Amino acid sequence: MITALRERMSGLKSFQRGIHPPHRKKYSESVPIELFTPESNLLIPMSQHIGPPCKPTIKPREEVTYGQKIAEIDHPISAPIHATLAGKTAMIAVTLLPGPGGRRCDAVPIKLASDGEALPPDFLAQFLDRNWDSVEPTSYDPEEIIQKIRAGGLVGMGGATFPTYFKLKRNPDQPVDTIVLNGAECEPYLTADHRLMLECPEGIVCGLMLAKHAAGAQRAIIAIEENKPDAIEAMKKAAQGRPDVEVMVCAAKYPMGGERQLIPAVLKRVVPSAPKGLPLNVGVVVVNVSTAHGIARAVVKDLPFTHRVVTVTGLGVKKPGNFLTPIGTSFKELIETCAGGVTDQALKVLAGGPMMGPTVPSLDVPVTKGVGGITVMIDAETMHREEQPCIRCGRCIDNCPLYLSPTKIAHAVKHGDYDLANQYDMQACCECGCCAFVCPAQIPLAHYIRAGKNEWNHIQVQRKAANK
Ligand code: SF4
Ligand code: SF4
């Protein structure tokens, strides 16, 4: 109540409901981005976007150069995959592994070229290059921007991994008037976007302007949570002299970075329920900070998506930081080499932050396009206590940002009644975890709902197959 009042009086942009988990960003927020080049082989998964997996376009034991396209699929919801370092493919698409999200898929192993040849020189300096002011976004044809983004293999780096070109492609039936740059980074612990906003704000603004032009929008909004004052200043400075760009300061509240929370917060528009409703239905496209930076690199410099900034953090690592990491690097090598390894108390490793990041099945999983953080937690940071019976306090309902009834959905899932769970709008759940966070009975509500959605999808596939 007091927090809501403070938000209203301070003029901070906000949304109804949600929670205030501890930020715990202090471990890595002041650590500058460092380049990490692994020594072990890369393992590049073929499924790194929403949509059907890519197929390798290279042969076994083929020499590949940095940035060479190595896989693609002819499908509108797809993004090609590139060699993230130079080397030689060992074997093709024979390795099945559970990815960071636990999904099994094929992967291409790449044995790295010798030191100094795997990556172009001065890669970090190029990545964080701040000379973007001379780029005139309107000098590009919108279709050319779309094609370059597609060729660069860009997907939403906030975790959704939806192919970026498809989001920005103009559709006369659904015109876009506003692009929102998502600089909220509301997930506790993670600081990769924060660091990028500090170290390359000009590149991010350039990518945002290119996205705006491609989508045919008239306005761009940069939305950042209040707990990053230095990033707010850096982005304001980088956007100076652009009357069609506005920086808006949002309350530090979870899940501010969700599209269905950010859009009402900054534009007071309500996005219809998932899975059918999209920001496009209210004339908006949301682009993540790292994605915008990738757009600038892909369009202006023809550089593919090969690396991303990954925060490695938590009390379970010795030296938290933010690392520019090639896709395909193993979690193990990144944690051991960059972050000084795990501490004796390390308990679990998450691909992402504690609210939405799944626990990884093994440290051999590779960093993929959707992984912006690795959190290694110790026992004291986790809340794993035994699940108790529901006391019907209603807190999960009061805090769900999508106005769902988590307790009813979870109860239906527990009893295998997926039709009932769907009647309670299970598919609309964004799996933010607010309900589980506030539940005094320690019921892992989001876990049940996620499992219910997966099981329902499985049932649908089986039903379709049976009807063929
Ligand atoms: S996980 Fe789903 S049900 Fe729970 S609070 Fe988030 S949106 Fe609501
Ligand atoms: S918060 Fe937990 S205990 Fe309270 S109603 Fe929801 S499920 Fe039950």
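(A) Fine view of the overall build of the protein chain. The helix and strand tally for the protein chain stands at 15 helices and 17 strands. What you see for the protein chain is a C-alpha radius of gyration of 22 Å, in line with the 23 Å of a compact globule of 468 residues. With respect to the three principal axes, the spread of C-alpha positions in the protein chain is 60 × 55 × 50 Å. Counting across all 468 residues of the protein chain, residues that qualify as buried make up 49%.

(B) Focus on the domain arrangement of the protein chain. Partitioning the protein chain into domains gives domain 1 (2-30 + 123-301), domain 2 (33-121 + 306-381) and domain 3 (395-467). Centre-to-centre separation of domain 1 and domain 3, based on C-alpha positions: 29 Å. Contacts between the two partners involve 13 residues from domain 1, matched on the other side by 12 residues from domain 3. Here the side of domain 1 that touches domain 3 is composed, by residue class, of seven nonpolar, four polar and two charged.

(C) Representation of the site of ligand 1 within the structure. For ligand 1, the set of nearby residues contains 14 residues, the closest of which are Cys400, Pro406, Cys429, Cys432 and Cys435. Broken down by element, the residue count for the shell around ligand 1 peaks at three residues, all from helix H15 (residues 445-467). Its residues assigned to classes, the shell around ligand 1 comprises 12 nonpolar, one polar and one charged.

(D) Here's a closer look at the sheet that holds strand E16 (residues 346-351). Sheet architecture is open: five strands sit in the order E1-E15-E14-E17-E16, paired in mixed fashion. At either end of the open sheet lies a strand with only one pairing partner, and these are strand E1 (33-35) and E16. Averaged over all adjacent pairs, the angle separating strand axes in this sheet is 25 degrees, with direction ignored. Bridge analysis of strand E14 (residues 307-313) against strand E15 (residues 321-326) gives six bridges, and the strand direction is antiparallel. Its bridge partner lying in E15, Val309 is registered against Leu324.

(E) Structural view of the site of ligand 2. In the vicinity of ligand 2 lie 14 residues, with Cys390, Cys393, Cys396, Thr407 and Cys439 positioned nearest. Residue composition of the shell around ligand 2, grouped by class: 10 nonpolar, two polar and two charged.

How each quantity is defined
Positions within a chain are numbered from 1, following the residues in the order the chain's sequence is written. By the order in which they are written, chains take letters starting at A while ligands take numbers starting at 1. Per-residue local features are limited, in this predicted model, to residues with pLDDT of at least 70; the limit for side-chain atom pairs, both in listing and counting, is 80 or more; totals at the level of whole chains, interfaces and linings are taken over all residues. Under the scheme used here, helices are H or I runs from DSSP no shorter than 4 residues and strands are E runs no shorter than 2 residues, and both carry numbers assigned from the N terminus. The globule rule is 2.2 Å times the number of residues to the power 0.38, and the radius of gyration it is compared with is taken over C-alpha atoms. Counting other C-beta atoms within 10 Å of a residue's own tells you its class, since 20 or more makes it buried, 12 or fewer makes it exposed, and anything in between is partly exposed; those C-beta atoms are placed from the backbone. Source of the domain bounds: an automatic or database domain assignment. Note on contacts: residues are paired as contacts if their backbone-placed C-beta atoms lie within 7 Å. Residues are grouped as follows: Ala, Val, Leu, Ile, Met, Phe, Trp, Tyr, Cys and Pro are nonpolar; Asp, Glu, Lys and Arg are charged; every other residue, Gly included, is polar. Note on definitions: a residue is near a molecule or strand provided its C-beta atom, placed from the backbone, lies within 6 Å of it. Whether two strands pair comes down to DSSP finding at least two bridges between them. All axes are obtained by fitting lines to C-alpha atoms, using only the stretch in contact for helices, and the reported angles, taken between N-to-C directions, cover 0 to 180 degrees.

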